[in-house]
Amino acid sequence: MRKIKVKLAKRSYPIFVGSKIGNIGSYLKKQSFTKKALVVTNPKIKKLYYSKLALSLKKAGFEVNLSLIPDGERYKNLDTVKKLYSAAVKYGIDRKSLVVSLGGGVIGDIAGFFAATYLRGVPFVQVPTTLLAMVDSSVGGKTGVDLPQGKNLVGAFYQPKLVWIDISTLKTLPKKELRNGMAEVIKYGIIKDAGFFRFLTKNVDNIYDIKTPVYEKIIAKCCKIKAWVVEQDEKETKGIREILNFGHTYGHAIEALTGFKGYSHGEAVAIGMSIAAALAGRIGLLGKSSINEIKKLISVTGLPTALKKKLPLKKILSAIYKDKKVLGKKLRFVLPIKIGKVFVHKGVEPKKLKEVIK
């Protein structure tokens, strides 16, 4: 097991990589929570892991309550959050009760936003069960839900009390879901660590073999990089944390345009990273060999580098202009200048972007 600390003064918390779900209760028992817990998950995850989690919490003296929400990005909305509010009132959740998010990124985002806003904030714990959630969404305190007009337009910065990562949960994931998370893994190499990018390139043949110790190393490395970024710029006010959005500007746009059904988040981000690399090349920031390296790693891991079928250019641009990074109607893209280093490019010319998308 590896322990990583996110250092945010009073909001600091540990990430445990390689811990077992069945051991979480003994750790939480020592913390200053009231003995009521609300577990938020979906029906699929409930069948797989809820009994282990609930048993561990009950042994630690917690009264365990369950709130099931539907599976899928299309349910990541305010209607779902309202149902959680009702459940919290029903079960008597107070300001020191514990909210436990058990599942992937959608569950974590919804449960975190609920925890941030119910009673103006109740403590919550992330227990991610997908690769994407382990390396990205469970760490850093970004919580939120979607609106019909775009992804994550409603949200809050709210840090968990801890992140508990049981890598064995990946054994029940279909390969498609592992690929989904691999997009975020690749992202970390491009934005911050060229050595990690080369490591992924060298180990690509075994990249989906979760029985190897490689996975604990991969997840721990991603968490360390994200922890460092969050420590520098917790609430995205300094321009540093924005680098975590590499590939997401275009990715979020095509997710929204396809009703969150056409592409998984990882697929959309993979295409977005390819677009961003090509855009960096088009404006003279990134060499052709680096662009090819990025696209090759994305491709050999089974992720797409382009749309399966064309979408109207005007609609894509309209969706991009709704991105949270747009300021004063100026396009801002996270672009690589080399593998291992990116920056936020302010005022991207629409003409250049159109050329790349076409």
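Cut-off values and rules
Residues numbered from 1 in each chain as written. Predicted model: local features only at pLDDT ≥ 70, side-chain atom pairs only at ≥ 80, totals over all residues. Heavy atoms only, no water. Helix = DSSP H or I, 4+ residues; strand = E, 2+ residues; numbered from the N terminus. Rg over C-alpha atoms; globule rule 2.2 N^0.38 Å. Buried < 20%, exposed > 50% of the residue type's maximum accessible area, 1.4 Å probe, protein only. Areas by Shrake-Rupley, 256 points an atom, 1.4 Å probe, with all protein chains shown as cover. Lys, Arg positive; Asp, Glu negative; His and termini not counted. Charge placed at Lys NZ, Arg CZ, Asp CG, Glu CD. Pairing = 2+ DSSP bridges. Axes fitted to C-alpha atoms, helices over the stretch in contact; angles between N-to-C directions. Core = buried A, V, L, I, M, F, W, Y, C linked by side-chain atoms within 4.5 Å. Contact = heavy atoms within 4.5 Å. Phe/Tyr/Trp six-rings, centres within 6.5 Å; stacked < 30°, edge-to-face > 60°. Lys NZ or Arg CZ within 6 Å of the ring centre and 35° of its normal. Parallel < 35°, antiparallel > 145°, perpendicular 65-115°, else oblique. Nonpolar A, V, L, I, M, F, W, Y, C, P; charged D, E, K, R; others polar. Right-handed = clockwise from strand over helix to strand, strands pointing away.

Asks: I tried to follow the overall build of the protein on my own but got confused; where do I start?
Replies: Regarding its fold elements, the protein presents 13 helices and eleven strands. Its C-alpha atoms give the protein a radius of gyration of 20 Å, near enough to 21 Å, the size a compact globule of 358 residues would have. The dimensions of the protein, computed from C-alpha atoms along their principal axes, are 60 × 40 × 40 Å. Looking at the protein as a whole, 56% of its 358 residues are labelled buried. Carbon and sulfur atoms form 52% of the exposed surface of the protein, whose accessible area is close to 15700 Å². The centroid of the 67 positive side-chain charges in the protein is displaced by 1 Å from the centroid of its 26 negative side-chain charges.

Asks: How should I be thinking about the sheet that holds strand 3 (residues 36-41) in this particular structure?
Replies: Pairing between sheet strands relies on hydrogen bonds along the backbone, with the strands arranged either parallel or antiparallel. Spatial strand order, 1-2-9-6-5-3-4: seven strands in an open sheet with mixed pairing. The outermost strands of the open sheet, each flanked by one partner alone, are strand 1 (2-6) and strand 4 (63-68). For this sheet the average axis-to-axis angle between neighbouring strands, irrespective of direction, equals 20 degrees. When strand 1 meets strand 2 (residues 13-17), the two strands line up antiparallel, connected through five bridges.

Asks: Help me out: how do you make sense of the nonpolar core in this one?
Replies: Here is a general trend for soluble globular proteins: nonpolar side chains tend to be buried in one another's company. Formed by 78 residues in total, the largest nonpolar core has its most connected members in I15, L170, I186, Y215 and I219. Setting aside its immediate chain neighbours within four residues, Y215 contacts L131, I167, L170, L178, M182, I207, Y208, D209 and I210. With 24 residues, the next largest nonpolar core counts A37, I45, V64 and L102 among its residues.

Asks: Where do I start with unusual backbone geometry in this structure?
Replies: Of all residues except glycine, most have a negative phi; of all peptide bonds, most are trans. Non-glycine residue L119 carries a positive phi angle of around 55 degrees. Positioned with a positive phi, E236 is a non-glycine residue whose angle comes to about 60 degrees. Considering the arrangement of structural elements, one finds E236 in the loop between helix 8 (214-232) and helix 9 (248-257).

Asks: Is there a simple way to think about the environment of L28 in this case?
Replies: Tracing the backbone shows L28 in helix 1 (residues 24-28). When residues no more than four places from it in sequence are discounted, the contact partners of L28 are F33, L57, F62, L98, V125 and L162.

Asks: Would you mind showing me how to read the packing of aromatic side chains here?
Replies: When we look at a pair of aromatic rings, we describe it by the centre distance and by the angle of the planes. One pass over the full model with this rule turns up eight aromatic pairs. Relative to Y158, the ring of F124 lies with its centre 5.9 Å away and its plane at 10 degrees, an arrangement referred to as stacked. One end of the pair, F124, is in strand 6 (residues 124-128); the other, Y158, is in the loop between strand 8 (150-157) and strand 9 (162-165), and 34 residues separate them in sequence. Given the relative accessible area of 1%, F124 is considered buried. Both rings, one in F196 and one in F199, keep their centres 6.3 Å apart while their planes meet at 15 degrees; by these two values the pair is stacked. Of this pair, F196 and F199 both sit in helix 7 (residues 194-202), three residues apart, roughly one helical turn. The two residues F196 and F199 agree in class, both being buried. The ring centre of F62 lies 4.6 Å from the NZ or CZ of K35, which sits over that ring. Positioned over the ring face of Y188 is K187, at 4.8 Å from the centre of the ring.

Asks: Sorry, what's going on with the packing of helix 10 (residues 265-282) against helix 11 (residues 288-300) here?
Replies: Between two packed helices, the angle of one axis relative to the other and the distance separating the axes together describe the packing. Two elements in contact, helix 10 and helix 11, have axes whose closest approach is 9 Å; the angle formed by their N-to-C orientations is 170 degrees. Looking at the two axes, helix 10 sits roughly antiparallel to helix 11. Along the contact surface, helix 10 presents A270, M273, S274, A277, A278 and G281, while helix 11 presents I291, I294, K295 and I298. In terms of residue class, the contact of helix 10 with helix 11 is made up of seven nonpolar, two polar and one charged.

Asks: What am I meant to see in the pairing of strand 5 (residues 98-103) here?
Replies: Side-chain positions along a regular strand alternate between the two faces of the sheet. The buried fraction of strand 5 is high, at six of six residues. Note that strand 3 and strand 5 share four bridges and pair parallel. Within the sheet, the bridge partner assigned to V39 lies in strand 5 and is V100. The pairing of strand 5 with strand 6 spans five bridges and is parallel. What sits directly across from G103, in strand 6, is P128. A crossover connection joins strand 5 to the parallel strand 6 through helix 4 (residues 105-117); in handedness this β-α-β unit is right-handed.

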